[in-house]
Amino acid sequence: MSLVDEIHSLISDVSTKIADSENLDKLEEVRVAVTGKSGSLTGYLRNMGNVRKEERAEVGKLVNSARNEIEAKLAEKREELKAAEMQAKIASSAVDVTLPGRCQHIGHQHLISNIIDECTDIFLGLGYTVKHGREVETDYYNFTALNAPADHPSRSMQDTFYCIDNSGDVANVRGESDVLLRTQTSGVQVHAMEDEELPIYIIAPGKVYRRDVADPSHLPQFHQIEGLVVDKGITFGDLKGTLEYVCKAIFGEERETRFRAHYFPFTEPSCEADVSCGICGGKGCRMCKGTGWLEILGCGMVDPNVLRMSGIDPEVYSGFAFGMGVERIACLKYNVPDLRMLLQGDERFLKQF
Ligand code: DAH
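Now for a description of the structure that goes with this document. Remember, it's a predicted structure, so these values are computed and weren't measured experimentally.

1. Details of the site of the ligand
1) Next: Neighbouring the ligand are 15 residues; Q184, S186, R210, Q224 and E226 lie closest to it.
2) Next: Between the ligand and the protein, one listed contact pairs a nitrogen atom with a side-chain N or O atom of Q184 at 2.8 Å.
3) Next: For the ligand, whose free accessible area comes to 350 Å², the fraction covered by protein is 90%.
4) Next: When residues of the shell around the ligand are traced back to their parent elements, those giving at least two are β5 (221–231), β8 (293–302) and β9 (318–325).
5) Next: Residue composition of the shell around the ligand, by class: five nonpolar, eight polar and two charged.

2. Topic: the nonpolar core
1) Next: I250, C299, F320, M324 and L342 are the most contacted members of the largest nonpolar core, which totals 47 residues.
2) Next: Ranked by the residues each element gives to this core, the list is headed by helix α5 (residues 111–125), at seven residues.
3) Next: In this structure, I250 is in contact with E118, C119, I122, M324, I329 and K333, ignoring residues within four places of it in sequence.
4) Next: Core analysis: the second largest hydrophobic core is formed by 20 residues, V14, V34, V59 and A66 among them.

3. Structural notes on helix α2 (residues 24–35)
1) Next: An ideal rise of 1.5 Å per residue puts 16 Å on 12 residues; α2 measures up with 16 Å between its terminal C-alpha atoms.
2) Next: Those residues of α2 that sit buried are L27, V30, V34 and T35. Each buried residue of α2 sits inside an arc of 90° when the element is viewed along its axis, so together they form one side. Residues of α2 that are exposed and point over 90 degrees away from its buried face: D25 and E29.
3) Next: On the buried face of α2, the contacting elements are α1 (3–20), α3 (40–46) and α4 (53–93).
4) Next: Near the N-terminus of α2, the side chain that reaches the backbone nitrogen of D25, with its oxygen 3.2 Å away, is that of N23.

4. Notes on the packing of aromatic side chains
1) Next: In total, this model carries eight aromatic pairs according to the counting rule given.
2) Next: Between the aromatic rings of F349 and F353, the centroid separation amounts to 5.1 Å while the plane-to-plane angle is 70°, which identifies the pairing as edge-to-face.
3) Next: Linked through ring pairs, F123, Y128, Y201, F320 and F322 together constitute an aromatic cluster.

5. Focus: the environment of I122
1) Next: The topology assignment puts I122 in helix α5.
2) Next: For I122, a relative accessible area of 13% gives the class buried.
3) Next: The sequence separation of I122 and P220 amounts to 98 residues, and the corresponding C-alpha distance is 27 Å.
4) Next: If we skip the residues at most four places from it in the chain, I122 touches Y245, V246, A249 and I250.

6. Description of the environment of K131
1) Next: With respect to the helices, strands and loops of the structure, K131 is situated in the loop between β1 (129–130) and β2 (136–138).
2) Next: The class for K131 is buried, based on a relative accessible area of 13%.
3) Next: Along the sequence, K131 and A192 sit 61 residues apart, while their C-alpha atoms lie 7.7 Å from each other.
4) Next: Not counting the four nearest positions on each side in its chain, K131 is found in contact with V188, H191, A192, D195, E196, I202, I203, A204 and P205.
5) Next: Within the structure, K131 has its side chain in polar contact with the side chain of E196 (distance 2.9 Å).

7. With respect to the state of the cysteines
1) Next: Tallied over the full model, the rule gives zero disulfides.
2) Next: Looking at the unpaired C119, the closest cysteine sulfur is the one in C247, lying at 9.4 Å.

Scoring rules and cut-offs
Residues numbered from 1 in each chain as written. Predicted model: local features only at pLDDT ≥ 70, side-chain atom pairs only at ≥ 80, totals over all residues. Heavy atoms only, no water. Near = heavy atom within 4 Å. Polar contact = N/O pair within 3.5 Å; in protein donor to acceptor, adjacent residues only side chain to side chain. Areas by Shrake-Rupley, 256 points an atom, 1.4 Å probe, with all protein chains shown as cover. Helix = DSSP H or I, 4+ residues; strand = E, 2+ residues; numbered from the N terminus. Nonpolar A, V, L, I, M, F, W, Y, C, P; charged D, E, K, R; others polar. Core = buried A, V, L, I, M, F, W, Y, C linked by side-chain atoms within 4.5 Å. Buried < 20%, exposed > 50% of the residue type's maximum accessible area, 1.4 Å probe, protein only. Contact = heavy atoms within 4.5 Å. Expected span 1.5 Å × (residues − 1). Arc of directions from axis to C-beta. Phe/Tyr/Trp six-rings, centres within 6.5 Å; stacked < 30°, edge-to-face > 60°. Disulfide = S-S within 2.5 Å.

Here's what the structure looks like:
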């Protein structure tokens, strides 16, 4: 084969190799093998001196044009491969916007806190302020100052968690310490009467504790919202008007309220308030045990003894007080049949609210 034919065959061979290169690395291998330092085409240029004189001009021209042609083909193929690589990169990292999203589960405030907030808002709207008491209280604030005589059943070890006095002193003749977990938020009334300027319009939401075993209608720890008004000329009419308004605000305009005489040591007269049952509309059903009514709070006119013990003259001032169970309100508002469901942390239940 003549030198010229060899070069032509090299061109066609290299052209095929360039066309067949699948990626930039392969293409570079071809380039090095042809136009690199010890590449085949470079070899022809180097050996030009050995070419016969009469062929030299033709061969030289041919090698140069072969180099130009091959370099052009290499450049063209390089661009093509680069574009293809870019396309592949884009395709592999593309976001499929039609895929369904992965939903983040968002938590929210617990139903009990919601009810406390809702009730607080209602009372703030009436001009009340919020006072916070202590969960660890003394016997005086939880019972004595609330007119509960020493032998009142609510003071018994059965109902109250007493703290143990480790000082070695026998705290009192009953073997109980003076310090306890409050059984009711009513003690905040006494703190309010001692600490606040008159008139007083406060509510006190918070946790209370009782020695009860959890069942559908009892919990050893639950929440109450206490209320206290002390002002000149406060009557039972103010109590009824306020609580009727509040009940409708919590449960809905269509709900009726009734007051039944009851006994609490710190109020006289005392009542329990009921709202008409939301399930049967007052006709009687399982939820209201056939009565048409659901008990929601205790209330009454502050006993003059209680005012007096806190240094307020019952001849000048009068007041009313009330206490409602937050868990009970939550259950009655949302027809929850068992108080324990509020505390089990079952998302299927909690996310409804
Ligand atoms: N402290 C009472 C209880 O736990 C509820 C209560 C009743 C609070 C009457 C009051 C009230 O302020 O006037 O059962």
